[in-house]
Amino acid sequence: APKREDMVPCPLSPYAVGKLAGENYCRVLGQIYHLPTVSLRCFNVYGPRESHKERMASVAFHHFHQFRREAKVKLFEGSHGFANGEQRRDFVSIEDVVKVNMFFLERPQLSGIFNLGTGRAQSFNDVALAVINALREANGQTPLTLAQAAAQGTIEYIAFPDALKGKYQAYTQADTTRLRAAGFEAPMMTVEQGVAAYVRWLLKNS
């Protein structure tokens, strides 16, 4: 089910604990001093200028560099009830994240905690295929279907690692009802749109 802002948080990493602490700090400051505060819960963000994040950079970033090194993208085999590469996340472009930030910056009267995602869960297969096909397009090649990419080994499925068992989110999707109710109406890019644009940027700037 999509994640709502009023669900009880269950952080799975020190990073997530820190984010929750920051939310609570803003909430209490707002209550004490009657200050409007906005906390944005960003889902899986990807896009330009994230190379400094290294290992923590987005899936799209790592797929891009892996494909250029190895001519294939490696995804996890089926797990958590999902088929090969079908584990899903709410992947949101940094361009849409900036739009939401600007929306709230221009409306200082608004306050609250808001999910910042597309409201649409897409698979790791979708991300890998978007990267591969954007790179193929840049080379004048025709796009592949998922079945073709898997059959020729352009997408390779590897065993789910023991180190991630019990620590892995196989499905995330933002409930964006509260964000939309606040007045943000702009459409969010799909993986196919946003990742293709990101690959074109990476080709120009890598």
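Structural data are supplied above this passage.
Residues numbered from 1 in each chain as written. Predicted model: local features only at pLDDT ≥ 70, side-chain atom pairs only at ≥ 80, totals over all residues. Heavy atoms only, no water.

Draft legend 1. Quick look at the side chain of Asn125. Mapped onto the fold, Asn125 is located in helix α4 (residues 124–138). Polar side-chain contacts of Asn125 include one of 2.8 Å to the side chain of Tyr157. Residues contacting Asn125, with those up to four places away along its chain left out, are Leu75, Asn84, Gly85, Glu86, Leu146, Ile155 and Tyr157. (Helix = DSSP H or I, 4+ residues; strand = E, 2+ residues; numbered from the N terminus. Polar contact = N/O pair within 3.5 Å; in protein donor to acceptor, adjacent residues only side chain to side chain. Contact = heavy atoms within 4.5 Å.)

Draft legend 2. Broad picture of a nonpolar patch on the surface. Side chains of Val28, Ile32, Tyr33 and Leu35 sit close together on the surface and give an oily, nonpolar patch of about 400 Å² of accessible area. On the secondary structure map, Leu35 appears in the loop between α1 (14–33) and β1 (38–42). The exposure class of Leu35 is partly exposed, given its relative accessible area of 46%. (Patch = residues over 30% accessible without salt bridge, like charges linked within 9 Å, V, L, I, M, F, W, Y side chains within 5 Å. Areas by Shrake-Rupley, 256 points an atom, 1.4 Å probe, with all protein chains shown as cover. Salt bridge = Lys/Arg side-chain N within 4 Å of Asp/Glu carboxyl O. Buried < 20%, exposed > 50% of the residue type's maximum accessible area, 1.4 Å probe, protein only.)

Draft legend 3. Representation of the pattern of salt bridges within the structure. Enumeration according to the criterion identifies nine salt bridges in this entry. In the salt-bridge network here, residues are joined through shared partners; they are Arg69, Glu70 and Lys74.

Draft legend 4. Summary view of the pairing of strand β3 (residues 73–76). Burial of the side chains of β3 is restricted to one face: Val73 and Leu75 are buried, whereas none of Lys74 and Phe76 on the reverse face is. In this structure, β3 lies alongside strand β8 (residues 155–158), joined through four bridges in parallel fashion. Considered in β8, the bridge of Phe76 is made with Ile158. (Pairing = 2+ DSSP bridges.)

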